[in-house]
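Each chain, letter by letter, is given below.
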Amino acid sequence: MNLRAWKLLDLLSDGAFHSGDDLAKRLGVSRATVFNDMTLAEKDGVHLQRIRGRGYRLPGGWQPLDKNEVESFMGNAAARFSIEVLQQAASSNTELLRRSGVQSGAVLAVELQTAGRGRLGRIWHSGLGNALTFSLSWRFDCGLNALSGLSLAAGVAVLRALKRYDVIGVGLKWPNDILTPHGKLGGVLIEAQGDMYGPSLAVIGIGINCSLPVMITKAIDQPAVALDGICARPPSRNRLLAALLEELAAVLDIFAGDGFATLRAEWERYHAQQNLPVRLLMPDGKAVSGVARGVSDNGELILETAQGIRQYNAGEVGAKP
Ligand code: BTN
């Protein structure tokens, strides 16, 4: 999408109808140019409403992310991050991993991801202004082998941030889905680079659904919820990003010092399936059933199976059928 299309999307941020004529005048271009730019936006996944005689509308509008606003909500912790907002990228994780010499604390928040990625090669679906999608890079002295509990630690930070806004019924599903009884609210995707014995760099990607337009709900292959459906006063995306970064800084400090072990009991308190029967589908296609008994100091899932207590470091947990 070009810069002009983004200017048009800015003009549509109020969620009201704007005629093609009006939009064209405001940008000093022809109506045909507006039409073409809006078509480009749609091709990139922006869900526009076009009605003859009324013009264009972005249902629900959207509030752009603003680095200064995020920093103003953060207090002292702001100094630990360098925040960049990108209008568009395939994926904030991919973009951050592509950059060389990335510093610890670099945050890349993307308004529109065109190829958002989830765990296990899945697609992460989100539209313009519907979700908070960002990645944070963090350097650790420890090696890659000591980062095994990092994704669970990030989940703890997300839960702490959500709890500030009284989000109803939110919990964690191993390893790091942000879950409610009605569906998934968000997820964490961690990708790390470095040496087995250190140092290492982790890119922590987080996606949270803020609202769910029908088109996005249809694209997602599992039940999903958004903040506006489970929170009486949902925070703006700027405020949510500030809260998440503050909590991430606190949790990542603990993780860098003591590893996941110190965060384990808190993770288990948030665990949506603690002491419930589950079925773990492993990467080789085999499944194992048992009662979820929490996680180990390294973040492995502990299952009480018919053969005894077992620990797992990969797979997808589902409710026991
Ligand atoms: C999952 O639940 O499978 C993880 C989803 C992670 C999505 C976020 S959105 C920001 C960052 N960029 C990506 O492409 N993915 C993560």
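Residues numbered from 1 in each chain as written. Predicted model: local features only at pLDDT ≥ 70, side-chain atom pairs only at ≥ 80, totals over all residues. Heavy atoms only, no water.

## Side note on the confidence of the model for the protein chain
Move 1: Mean pLDDT over the protein chain: 94, with 99% of residues reaching 70 or higher.
Move 2: Confidence, expressed as mean pLDDT per element, reaches its minimum in the protein chain at strand β14 (residues 316-319) with 85 and its maximum at helix α10 (residues 264-270) with 98. (pLDDT = per-residue confidence, 0-100. Helix = DSSP H or I, 4+ residues; strand = E, 2+ residues; numbered from the N terminus.)

## Brief notes about the packing of aromatic side chains
Move 1: Under the counting rule described, the total for this entry stands at three aromatic pairs.
Move 2: Each ring, one from Phe140 and one from Phe255, has its centre 5.7 Å from the other, and the planes form 75°; the classification is edge-to-face. Within this pair, whereas Phe140 is found in strand β5 (residues 131-140), its partner Phe255 is found in helix α9 (residues 237-258), the two being separated by 115 residues in sequence.
Move 3: Above the ring of Phe35, the side-chain terminus of Arg50 is found at 4.8 Å from the ring centroid.
Move 4: Between Arg239 and the ring centre of Phe73, over which it is positioned, the NZ or CZ distance is 3.8 Å. (Phe/Tyr/Trp six-rings, centres within 6.5 Å; stacked < 30°, edge-to-face > 60°. Lys NZ or Arg CZ within 6 Å of the ring centre and 35° of its normal.)

## A word on helix α6 (residues 150-163)
Move 1: Taking 1.5 Å of rise per residue, 14 residues should cover 20 Å, and α6 covers 20 Å from first to last C-alpha, within 8% of that figure.
Move 2: Within α6, twelve of the 14 residues are buried, which leaves the element mostly enclosed by the surrounding structure.
Move 3: Regarding α6, the residues found buried are Leu150, Ser151, Leu152, Ala153, Ala154, Gly155, Val156, Ala157, Val158, Leu159, Ala161 and Leu162. (Expected span 1.5 Å × (residues − 1). Buried < 20%, exposed > 50% of the residue type's maximum accessible area, 1.4 Å probe, protein only.)

## A word on the pattern of salt bridges
Move 1: Counted according to the given criterion, the structure contains 22 salt bridges.
Move 2: Linking Glu246 and Arg164 is a salt bridge whose minimum nitrogen-to-oxygen distance equals 2.8 Å. Of this pair, Glu246 sits in helix α9 while Arg164 is found in the loop between α6 and β6 (171-173), placing the two residues 82 residues apart along the sequence.
Move 3: Arg264 is the partner of Glu268 in a salt bridge, and the nearest nitrogen-oxygen pair spans 3.6 Å. With a gap of four residues between them, Glu268 and Arg264 both fall in helix α10, about one helical turn apart. (Salt bridge = Lys/Arg side-chain N within 4 Å of Asp/Glu carboxyl O.)

## What about the side chain of Ser296?
Move 1: Within the secondary structure, Ser296 sits in the loop between β11 (287-295) and β12 (301-305).
Move 2: Exposure remark for Ser296: the relative accessible area of 6% places this residue in the buried category.

## Re the sheet that holds strand β7 (residues 177-180)
Move 1: The mixed open sheet is built from seven strands, whose spatial order is β3-β4-β5-β9-β8-β7-β6. Among the strands making up the open sheet, the edge pair consists of β3 (82-89) and β6. Averaged over all pairs of adjacent strands, the angle between strand axes in this sheet comes to 25°, irrespective of strand direction.
Move 2: Pairing of β6 with β7, which is carried by three bridges, proceeds in the antiparallel orientation. Residue pairing across strands places Leu172 opposite Ile178, the latter belonging to β7.
Move 3: Taken strand by strand, α9 contacts β3, β4 (106-113), β5 and β9 (200-209), and its axis lies near 25° from that of β5. (Pairing = 2+ DSSP bridges. Axes fitted to C-alpha atoms, helices over the stretch in contact; angles between N-to-C directions. Contact = heavy atoms within 4.5 Å.)

## Some details on the pairing of β11
Move 1: Where strand β10 (residues 277-281) meets β11, five bridges bridge the pair, whose relative direction is antiparallel. Residue pairing for β11: Arg279 is matched across the bridge by Ser289.
Move 2: In this structure, the hairpin formed by β10 and β11 is closed by a connection of five residues, where Gly285 is found at a positive phi of approximately 95°.
Move 3: Between β11 and β12, which pair antiparallel in sequence order, lie five residues; one of them, Gly299, sits at a positive phi of approximately 90°.

## Overview of the site of the ligand
Move 1: The ligand sits among 20 residues. The nearest are Ser91, Gln113, Arg117, Arg119 and Lys184.
Move 2: Ser92 places a side-chain nitrogen or oxygen 3.2 Å from a nitrogen atom of the ligand.
Move 3: With respect to the ligand, the backbone of Arg117 contributes an N or O atom lying 2.7 Å from a nitrogen atom.
Move 4: When residues of the shell around the ligand are traced back to their parent elements, those giving at least two are α5 (92-98), β5, β8 (183-194) and β9.
Move 5: In terms of residue count, β8 provides more of the shell around the ligand than any other element does, four residues in total.
Move 6: A class-by-class count of the residues in the shell around the ligand yields five nonpolar, eleven polar and four charged. (Near = heavy atom within 4 Å. Polar contact = N/O pair within 3.5 Å; in protein donor to acceptor, adjacent residues only side chain to side chain. Nonpolar A, V, L, I, M, F, W, Y, C, P; charged D, E, K, R; others polar.)

## Here we look at the environment of Ile302
Move 1: Tracing the chain through its elements places Ile302 in strand β12.
Move 2: Expressed as a C-alpha distance, the spacing of Ile302 and Gln274, which sit 28 residues apart in the sequence, is 9.9 Å.
Move 3: In this structure, Ile302 is in contact with Arg264, Val291, Ala292, Arg293, Gly294, Val295, Ser296, Ile309, Arg310 and Gln311, ignoring residues within four places of it in sequence.

## Concerning the pairing of strand β13 (residues 308-312)
Move 1: Across five bridges, the pairing between β12 and β13 is antiparallel. Residue pairing in the sheet places Thr305 in a bridge with Gly308 of β13.
Move 2: The hairpin formed by β12 and β13 contains two residues between the paired strands.

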